[in-house]
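Structural characterization, general
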Amino acid sequence: MLKLLRDWSRHKYIYLMLLPVVIYYLVFLYFPMYGLQIAFKDFSPVKGILGSEWVGFKHFISFYDSYYFWRLIRNTLLISLYELVFGFPAPIILALLLNEIRSRVFKNVVQSITYLPHFISIVVVSGMLVDFLSGNGLINQLTGLFGIPSVSFLIVPEWFRTIYVSSGIWQGVGWGSIIYLAAIAGIDPSLYEAAKTDGAGRFKQILHVTLPGIMPTIIIMLILRFGTLMAGGSLEKILLLYNSTTYETADVISTFVYRRGLLQMDYGFSAAIGLFNNVINFLLLVSANKISRKINETSLW
Amino acid sequence: MKTHISWGERLFDICINVFMVVLMAVTLYPFLYVLFASFSNPSDLIQHQGLLLMPTGFSLESYKLVFENPMISIGYFNTLIYVVVGTTLNLTLTSFAAYALSRKGVRFVGPIMFAIVFTMFFSGGLIPTYLNMKHLGLLDTRWAMILPSAISTWNLLVMRTSFAGIPAALEESARIDGANDFRILFQIFIPVSLPIMAVMTLFYGVGHWNAYMDALIYLRDKDLYPLQLVLQGILITNSTDSMMSTVADVDKGLIQETIKYATIIVATVPILLLYPFLQRYFVKGVMLGSIKE
């Protein structure tokens, strides 16, 4: 008791600071977790969370049995996979090339310009995509010069993933290279000297000194990326770019949850799908983080 | 070494430089196109095919219509409120949390940290979060744009690491002088961490400026719409009609395109003006985040 009192008098201001923080996390992040029980209930807003009846795994089963299940899983995984295959190496390559630029000024200019799209809002980026990719938009005007017939890209399902992933690279390649440039800066310069005396040219140096030097960072980033494999890209961006004609390839779990839950107000069912997705994400993230910690003794925290 | 630049090396340099120039062009050109098109004469633009290297014709008509559009000014005003109030709250709470959670010998710090970090791995998800906001009575209020994002856990971890690195001697000498924790935070910790505070201000500020999802989910009342939601209406769902009440029907189709471009410019200029500062600090923020293992 005395100990508690002494602790309070010593740390009371610290507890005072913690109070709003704890309230924030409780109210805005833990209350919704409590509300997750509606995934197992026949939720009706009138009866409330506690008053609604338990239905066990009914929503999960009907989701699994639904026509959409495999389509959503496929789309979610494919978007992440395409981002992994094409989006992941891009910043690494850029960082390696940036490091080879001899002129410091030129390098700074390239960096400043390639970081820029990262700061542009997703609404503006999507708005530009919608405009450029429309039937008479800039892209079709350009391909038209070569006699290629016009395509309304955003209503063709086959084009969706390409557009999503390539615009994602445009948005993030510069920004993503920062972490690798930092890793490159940490490489011991004497390694390059040694390579040079062994007669290694620039290309050989990249391959045998720079790349191995940043390999730990690459591996960590890759493992963390695996943790987001079932996240299926950015909900905001897909919502802005997809439409009912492209659901076949563009509809992922999170967009489906958004439509069923917030537009059709099918709360219990969509909360269940969200929970299903979040549990998978959780398991992937935790294992990704565990593995990266083991491999490198470095991890998210 | 300089004397021995081989042909292979020279070719290598040329290839890299050419690649970089192309990369910069691809990155910048979409913005330049939008800029040129926004100043173009609508009827000239519609006839123009392919790249623009300068405006075709010149007209400020679309800018005039954009500025006359009440939704744009409402959106701008609301976004400014969300940026200023939101960022202030962000910085206050994040520094409270970072300070308190980086002190040694305080009870409950371990479990609280665990509970905070846990939210990075797992959340209630979209629907329970929405219903929670509904129960709290925050739908269709300005608070919906400020409270749910009051603390970014990632930023909190970065700031906490930075605070933990401040020498304990600074704190102890202040305590001997009778300063309490609030004074230590505001008069010692924050002043010695100005670079990180700048990074946080920019991270949070740009986040509020670009925030879209919360508005889409929580706001129905158009008077509360932030700029991004107004933009979505104009750029994605094509609701430029309200802006063109004074324009004759024949011209509507023509000017619709240039209005979009002018809207993009008007909504992005503040970020572009701040960009030189942003860039320097943002990069610093990413570095701090990545060194903190």
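Just so it is clear, the structure is predicted and the values come from calculations on it, not from any experiment. (Residues numbered from 1 in each chain as written. Chains lettered and ligands numbered in written order. Predicted model: local features only at pLDDT ≥ 70, side-chain atom pairs only at ≥ 80, totals over all residues. Heavy atoms only, no water.)

Glancing now at the overall build of chain A. Tallying secondary structure elements over chain A gives 15 helices and two strands in all. Principal-axis analysis of the C-alpha atoms gives chain A an extent of 75 × 75 × 30 Å. Within chain A, the fraction of its 301 residues that count as buried is 51%. In chain A, once contacts between residues fewer than 6 apart in sequence are set aside, the share between residues at least 24 apart is 64%. Entry remark: accessible area of chain A is about 14400 Å², with carbon and sulfur atoms responsible for 68%. When the 23 positive and 16 negative side-chain charges of chain A are each reduced to one mean point, those points stand 8 Å apart. (Helix = DSSP H or I, 4+ residues; strand = E, 2+ residues; numbered from the N terminus. Buried < 20%, exposed > 50% of the residue type's maximum accessible area, 1.4 Å probe, protein only. Contact = heavy atoms within 4.5 Å. Areas by Shrake-Rupley, 256 points an atom, 1.4 Å probe, with all protein chains shown as cover. Lys, Arg positive; Asp, Glu negative; His and termini not counted. Charge placed at Lys NZ, Arg CZ, Asp CG, Glu CD.)

Here we take up the overall build of chain B. Counting its regular elements, chain B contains 13 helices and zero strands. Listing the helices and strands of chain B from first to last along the sequence gives α-α-α-α-α-α-α-α-α-α-α-α-α. Scaling as 2.2 N^0.38, a compact globule of 293 residues should have a C-alpha radius of gyration of about 19 Å, whereas chain B reaches 25 Å, well beyond that. With the C-alpha coordinates aligned to their principal axes, the bounding extent of chain B is approximately 75 × 70 × 35 Å. Taking all 293 residues of chain B together, the buried fraction comes to 52%. When the accessible surface of chain B is summed, it comes to about 13700 Å², and 68% of that surface belongs to carbon and sulfur atoms. Considering chain B, the positive charge centre built from 18 side chains and the negative charge centre built from 18 side chains are found 11 Å apart. (Rg over C-alpha atoms; globule rule 2.2 N^0.38 Å.)

Attention now moves to the packing of helix α1 (residues 2–35) of chain A against helix α5 (residues 109–121) of chain B. Where α1(A) meets α5(B), the closest approach of the two axes is 11 Å, and the angle between their N-to-C directions is 45 degrees. On the basis of their axis angle, the class for α1(A) and α5(B) is oblique. The handedness of the crossing between α1(A) and α5(B) is left-handed. In contact with Leu18(A), Val21(A), Val22(A), Tyr25(A), Leu29(A), Tyr30(A) and Met33(A) of α1(A), α5(B) contributes Ile112(B), Ala115(B), Ile116(B), Phe118(B) and Thr119(B). When grouped by side-chain class, the residues that make up the contact of α1(A) with α5(B) number 11 nonpolar, one polar and no charged. (Axes fitted to C-alpha atoms, helices over the stretch in contact; angles between N-to-C directions. Parallel < 35°, antiparallel > 145°, perpendicular 65-115°, else oblique. Left-handed = near helix turned anticlockwise from the far one by under 90°. Nonpolar A, V, L, I, M, F, W, Y, C, P; charged D, E, K, R; others polar.)

For the rest of this paragraph, the subject is unusual backbone geometry. For residues besides glycine, phi is generally negative; the peptide bonds are generally trans as well. A positive phi angle is found at Met265(A), which is not glycine, with a value near 55 degrees. Position of Met265(A) among the secondary structure elements: in the loop between α14 (253–263) and α15 (267–296). The phi angle at Phe108(B) is positive, at roughly 70 degrees, despite the residue not being glycine. When you line up the elements, Phe108(B) lands in the loop between α4 (70–102) and α5. The exposure class assigned to Phe108(B) is exposed, which follows from its relative accessible area of 52%.

All names here are of chain A. The element α14 is extensively covered by neighbouring structure, given that 10 of its 11 residues are classed as buried. Looking only at α14, the buried set comprises Ile253, Ser254, Thr255, Phe256, Val257, Tyr258, Arg259, Arg260, Gly261 and Leu262. The first or second residue beyond α14 is Met265, which carries a positive phi of 55 degrees.

Tallied over the entire structure, the rule returns 42 aromatic pairs over all chains. Measuring from ring centre to ring centre gives 5.4 Å for Phe119(A) and Trp175(A), while their planes differ by 80 degrees; the resulting arrangement is edge-to-face. In this pair, Phe119(A) sits in the loop between α6 (104–115) and α7 (122–132) while Trp175(A) sits in helix α9 (residues 157–185), placing the two residues 56 residues apart along the sequence. When its relative accessible area of 1% is taken as the criterion, Phe119(A) is described as buried. Between the aromatic rings of Phe96(B) and Phe186(B), the centroid separation amounts to 6.3 Å while the plane-to-plane angle is 75 degrees, which identifies the pairing as edge-to-face. (Phe/Tyr/Trp six-rings, centres within 6.5 Å; stacked < 30°, edge-to-face > 60°.)

In the structure shown here, the tally under the stated rule is 17 salt bridges over all chains. Notably, a salt bridge pairs Arg202(A) with Asp13(B), separated by 2.8 Å at the nearest N-O pair. With Arg202(A) in helix α11 (residues 202–226) and Asp13(B) in helix α1 (residues 7–38), this pair bridges two chains. As far as the burial class goes, Arg202(A) and Asp13(B) line up, both buried. One salt bridge in this structure joins Arg103(B) and Glu171(B), with 2.4 Å as the shortest N-O distance. (Salt bridge = Lys/Arg side-chain N within 4 Å of Asp/Glu carboxyl O.)

We now examine the domain arrangement of chain B. Residue and element names in this part refer to chain B. On domain assignment, one finds that chain B holds domain 1 (2–67 + 240–291) and domain 2 (69–224). If you average the C-alpha positions of domain 1 and of domain 2, the two centres end up 32 Å apart. Residue-level contacts link 19 residues of domain 1 with 13 residues of domain 2. Of the roughly 1400 Å² buried at the junction of domain 1 and domain 2 (both faces included), carbon and sulfur atoms supply 79%. The tally of links between domain 1 and domain 2 comes to five residue pairs in polar contact (both at pLDDT 80 or more). Mapped by element, the contributors of at least two residues to the side of domain 1 that touches domain 2 are α3 (61–68) and α13 (249–291). Looking at the side of domain 1 that touches domain 2 residue by residue, the classes come out as 14 nonpolar, four polar and one charged. (Domains from an automatic or database assignment. Buried area = accessible area lost by both parts, 1.4 Å probe. Polar contact = N/O pair within 3.5 Å; in protein donor to acceptor, adjacent residues only side chain to side chain.)

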